[in-house]
Amino acid sequence: MEKLEWHVIPILPTADAEIKKIKVAGKTICLVRSQGKWQAVGNRCPHAGADLSQGWCEGNNIVCPFHRHKFDLQTGKGDVGQGNFIPTYPLKEEDGQLYVAIRKPWWKTLFSG
Ligand code: FES
């Protein structure tokens, strides 16, 4: 069973940034502000490894800068016909801080509780 670990996002995004690449707990995450809301997804495009933080938003999708695959920011699902997806990470705001949740693998849960 997976467990969520919450991490403070080290560099708070600036108000005008729409997409920002951050590193948290050894993972590279793409932080996206879309439709007034922050969302966190994996930064590596599953098609050929492009840096999604160099892409752009279209509605509730992030678009890869290389070959324009689109991914839903909430579910991570690729557009129809792509057959791929990116991971998504829950976010929460508490006491003016932004936190991102990283899933702790079951085997780490087993050994550290
Ligand atoms: S690397 Fe992202 S669509 Fe090809």
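Conventions and cut-offs
Residues numbered from 1 in each chain as written. Predicted model: local features only at pLDDT ≥ 70, side-chain atom pairs only at ≥ 80, totals over all residues. Heavy atoms only, no water. Phe/Tyr/Trp six-rings, centres within 6.5 Å; stacked < 30°, edge-to-face > 60°. Lys NZ or Arg CZ within 6 Å of the ring centre and 35° of its normal. Pairing = 2+ DSSP bridges. Helix = DSSP H or I, 4+ residues; strand = E, 2+ residues; numbered from the N terminus. Axes fitted to C-alpha atoms, helices over the stretch in contact; angles between N-to-C directions. Buried < 20%, exposed > 50% of the residue type's maximum accessible area, 1.4 Å probe, protein only. pLDDT = per-residue confidence, 0-100. Salt bridge = Lys/Arg side-chain N within 4 Å of Asp/Glu carboxyl O. Contact = heavy atoms within 4.5 Å. Polar contact = N/O pair within 3.5 Å; in protein donor to acceptor, adjacent residues only side chain to side chain.

K.L.:
Could you give an account of the packing of aromatic side chains, with specific residues and numbers?
P.N.:
Summed over all chains, the structure comprises zero aromatic pairs. Here the guanidinium or amino end of K92 rests over the ring plane of W6, the centre of that ring lying 4.4 Å away.

K.L.:
Summarise the sheet that holds strand β7 (residues 70-72); cite the residues concerned and give the values.
P.N.:
Taken together, the three strands give an open sheet; going across it, the order is β5-β6-β7, and neighbouring strands pair in antiparallel fashion. The outermost strands of the open sheet, each flanked by one partner alone, are β5 (56-58) and β7. Sheet twist, expressed as the average angle between the axes of neighbouring strands with direction ignored, equals 35°. Here β5 pairs with strand β6 (residues 61-63) via three bridges, running antiparallel. Counted as the bridge partner of E58 is N61 from β6.

K.L.:
An account of the pairing of strand β9 (residues 91-94) is requested, with residue identities and associated values reported.
P.N.:
When β9 meets strand β10 (residues 97-104), the two strands line up antiparallel, connected through four bridges. Within the sheet, the bridge partner assigned to L91 lies in β10 and is V100. Here β9 hands over to β10 after two residues, with D95 in that stretch at a positive phi of 50°.

K.L.:
Tell me what's going on with the environment of W106, and back it up with residues and numbers.
P.N.:
Structurally, W106 can be placed in helix α1 (residues 106-112). In this structure W106 comes out as exposed when scored by relative accessible area, which is 51%.

K.L.:
Just give me the short version of the sheet that holds β10, but keep the residues and values in it.
P.N.:
The strand order across the open sheet formed by three strands is β1-β10-β9, and the pairing between neighbours is antiparallel. With partners counted over all chains shown, the strands left at the sheet margins are β1 (3-8) and β9, one partner each. On average, adjacent strands in this sheet sit at an angle of 35° to one another, irrespective of strand direction.

K.L.:
With reference to specific residues and values, describe the confidence of the model for the chain.
P.N.:
Caution is warranted with low-pLDDT regions, since their predicted coordinates should not be read in detail. Summing up the model confidence of the chain, the mean pLDDT is 89 and the portion of residues at 70 or higher is 89%. Mean pLDDT values for the elements of the chain range from 70 in α1 up to 98 in β7.

K.L.:
Can you break down the pattern of salt bridges residue by residue, with the values?
P.N.:
The final tally for this structure, using the stated rule, is three salt bridges. The salt bridge partner of E94 is K92, with a shortest N-O separation of 3.5 Å.

K.L.:
Explain the environment of H67 residue by residue, including any values.
P.N.:
Inspection of the secondary structure puts H67 in the loop between β6 and β7. Judged by its relative accessible area of 45%, H67 falls in the partly exposed class. With 20 residues separating them in the primary sequence, H67 and H47 have C-alpha atoms 8.5 Å apart. For H67, the contacting residues outside a window of four places in its chain are H47 and A48. Here H47 takes part through its side chain, which lies 3.1 Å from a polar atom of the side chain of H67.

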